[in-house]
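Here's the letter readout for the chains.
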Amino acid sequence: MGTRSRVELPRMPAAGALHRRALLGALPGLGGGRRGPDLPAVEVTVGGVTVDRAQLADYDRVCGFRLSDRLPATFPHVMGFPLALRLMTAADFPIPLLGLVHVGNRITTHRPVTADDTLDFTAYAENLRPHDRGRQVDVVLVGSVDGEEVWRGVSTYLGRERRTGGGDRGVRPAAPPATARWRVEPSVGTAYARVSGDHNPIHTSRVGARLFGFRRPIAHGMWSKARCLAALEARLPDAYTVEVAFKLPVPLPSTVSFALLPDGGFAVHDSRGRPHLAGLVR
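Residues numbered from 1 in each chain as written. Predicted model: local features only at pLDDT ≥ 70, side-chain atom pairs only at ≥ 80, totals over all residues. Heavy atoms only, no water.

1. Observations concerning the overall build of the protein chain
As a reminder of what qualifies: Secondary structure elements follow DSSP: runs of H or I no shorter than four residues count as helices, runs of E no shorter than two count as strands, and numbering proceeds from the N terminus. Each residue gets one of three labels from its accessible area relative to the maximum for its type: buried under 20%, exposed over 50%, partly exposed in between, using a 1.4 Å probe on protein chains only. Any two residues whose heavy atoms approach within 4.5 Å at even a single point are treated as in contact. The Shrake-Rupley method, run with a 1.4 Å probe sphere, supplies the accessible areas, and residue values consider only the shown protein chains as cover.
Check the secondary structure of the protein chain and you find 7 helices and 11 strands. Buried positions account for 48% of the 282 residues belonging to the protein chain. Taking the intrachain contacts of the protein chain between residues at least 6 apart in sequence as the baseline, contacts between residues at least 24 apart amount to 71%. Counting only carbon and sulfur atoms, one obtains 51% of the accessible surface of the protein chain, whose full area is about 14,100 Å².

2. Thoughts on the pairing of strand 6 (residues 148-160)
Heads up, the condition is: Paired strands, as defined in this entry, are two strands with at least two bridges between them according to DSSP.
Strand direction decides the pairing type here: strand 3 (residues 100-109) and strand 6, joined by 9 bridges, are antiparallel. Among the inter-strand pairings, glycine 104 is bridged to a residue of strand 6, identified as threonine 156. Between strand 5 (residues 134-145) and strand 6, which pair antiparallel in sequence order, lie 2 residues; one of them, aspartate 146, sits at a positive phi of approximately 55°.

3. With respect to the confidence of the model for the protein chain
Cut-off, in case you're wondering: Scored from 0 to 100, pLDDT records how confident the predictor is in each individual residue.
On average, residues of the protein chain carry a pLDDT of 91, and 89% of them reach 70 or more. With pLDDT under 50 throughout, residues 27-31 is counted as low confidence; its partners more than four residues away or in other chains account for 4 contacts.

4. Overview of unusual backbone geometry
Put simply, leucine 252 and proline 253 share a cis peptide bond, and its omega is 0°. Residue placement: proline 253 occurs in the loop between strand 8 (240-246) and strand 9 (254-260). Residues other than glycine seldom take positive phi values, yet aspartate 263 does so here, at roughly 60°. Examined against the element boundaries, aspartate 263 turns out to sit in the loop between strand 9 and strand 10 (265-269).

5. Regarding the nonpolar core
Across soluble globular proteins, you tend to see nonpolar side chains buried next to one another. Note the following rule: Throughout this description, the term nonpolar core refers to a set of buried Ala, Val, Leu, Ile, Met, Phe, Trp, Tyr and Cys residues connected via side-chain atoms within 4.5 Å.
Tyr59, Met88, Tyr192 and Phe266 are the most contacted members of the largest nonpolar core, which has 69 residues in total. It is helix 3 (residues 75-88) that provides the largest number of residues to this core, a total of 9 residues. When residues no more than four places from it in sequence are discounted, the contact partners of tyrosine 59 are Phe65, Pro72, Thr74, Phe75, Val78, Tyr192, Val195 and Ala226.

6. Considering the packing of aromatic side chains
The criterion, for reference: Centres within 6.5 Å make a pair out of two Phe, Tyr or Trp rings, where for Trp the six-membered ring is used; the pair is then stacked when the planes are under 30 degrees apart, edge-to-face when over 60, and tilted otherwise. Charge-over-ring contacts are defined here by two conditions on Lys NZ or Arg CZ: a distance within 6 Å of the ring centre and an angle within 35 degrees of the ring normal.
In total, this model carries 5 aromatic pairs according to the counting rule given. Aromatic pair tyrosine 59 and phenylalanine 65: ring centres 6.2 Å apart, planes at 15°, arrangement stacked. As far as the burial class goes, tyrosine 59 and phenylalanine 65 line up, both buried. Clustering of aromatic rings is evident, with ring pairs tying together Tyr59, Phe65, Phe75 and Tyr192. Lying across the ring of tyrosine 124, arginine 4 places its NZ or CZ 3.9 Å from the centre.

7. Examining helix 4 (residues 187-196)
Among the 10 residues in helix 4, 7 count as buried, and that is most of the element. Listed in full, the buried residues belonging to helix 4 are Val188, Gly189, Ala191, Tyr192, Ala193, Val195 and Ser196. Taken together, the buried residues of helix 4 touch helix 2 (53-63), helix 3, strand 7 (180-184), helix 5 (201-204) and helix 7 (221-231). In the stretch just after helix 4, glycine 197 is the one whose phi turns positive, near 80°.

8. As for a nonpolar patch on the surface
Here is the rule: Patch criteria: residues need more than 30% relative accessible area and no salt bridge. Like-charged residues are merged within 9 Å; nonpolar side chains of Val, Leu, Ile, Met, Phe, Trp and Tyr are merged within 5 Å. In what follows, salt bridge is the name for a side-chain nitrogen of Lys or Arg lying within 4 Å of a carboxyl oxygen of Asp or Glu.
Nonpolar side chains collect at one region of the surface, where Leu98, Val207, Leu211 and Phe212 lie side by side and expose about 400 Å² of accessible area between them. By the element assignment, valine 207 lies in helix 6 (residues 206-211). Under the relative-accessibility criterion, valine 207 is labelled exposed at 60%.

9. With respect to the sheet that holds strand 11 (residues 275-281)
Test applied: Whenever a helix is involved, its axis is fitted only over the stretch in contact; in every case the axis is a line through C-alpha atoms, and angles between N-to-C directions fall within 0 to 180 degrees.
With mixed pairing, 11 strands are arranged side by side in an open sheet as 1-2-4-5-6-3-8-11-10-9-7. Looking along the sheet, the strands with just one partner apiece sit at the ends: strand 1 (5-9) and strand 7. Taken over all neighbouring pairs, the strand axes of this sheet differ in orientation by 20° on average, direction set aside. In the packing of helix 3 onto the sheet, contacts are made with strand 1, strand 2 (42-50), strand 3, strand 4 (118-131), strand 5 and strand 6, and the angle to strand 4 comes to roughly 55°. Sheet contacts for helix 7: strand 3, strand 7, strand 8, strand 9, strand 10 and strand 11; angle to strand 8, the most-contacted strand, approximately 135°.

10. Quick notes on helix 3
Rules: By definition here, a helix of n residues has an expected span of 1.5 Å times n minus one. A residue's bend is the angle separating two fitted axes: one through the seven residues that end there, the other through the seven that start there.
For helix 3, spanning 14 residues, the distance from its first C-alpha to its last is 20 Å, which sits close to the expected 20 Å at 1.5 Å a residue. If you look at helix 3, its biggest bend is around 50°, right at phenylalanine 81, and the proline proline 82 turns up within four residues after that. Counting buried residues along helix 3, 13 of its 14 residues qualify, which places the element largely inside the surrounding structure.

11. Observations regarding the environment of cysteine 228
Note that cysteine 228 resides in helix 7. Along the backbone, cysteine 228 and phenylalanine 65 are 163 residues apart, and their C-alpha atoms lie at a distance of 9.8 Å. Each residue touching cysteine 228, except ones within four places of it in the same chain, is listed here: Trp182, Phe258, Phe266, Val268 and Leu277.

Spelled out as structure tokens, the structure:
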């Protein structure tokens, strides 16, 4: 891998402006065609990011965590996501943001991070690779305190560029017995958008969801992951890695089944036993 150039930003970018840039870039004649074939060899950084305690408390409530000064493993993703968004909305990023589907996420927390910590964030993209429905890319977000990496998140996105015929017609394994059932109300979409700053209309608007092929809004994948970690909160060690694969979206509203599996696994299924999410803590 070649050396990445480093771009230091004075503050965390505004997510709303970046979403507007993505929408404008998708319009004919306004930049949608200026896509390079490769990932930009750049990393973007922001230093001195402090925790907004009111935002943290709201996030805990929306996702089901206990109110605490200790950050859920998924909260630094929210803090640093505008930096990753800045990377993905650049004109030379090879896949348009509006064509990306979040298909997986892996988080490693090296030690507890608290609301008293001041974090420096770095974001970069790597591992652009072919997929039978297009291309996949990993967007890496790293959080450090005083030069020490304390948190790392890797989000895998699929850029859908073609359709395959038929899909997987194999027999689906039976859903595991439910440990709990959760009612996911429509308010989850707007509440998570408010606390995370990710106002993608597929999560908040019936019209916006339909524009992208969904009959009604869907829950954000990172809310689903956070809700699972909240259910596991008492079992989590100080340092661990948790990874999930996002399967079928969770329509709003719906009732889902959460299952705790042996050896650190967990899963979320719908009422018909179809998988929404498969995860593992190690």
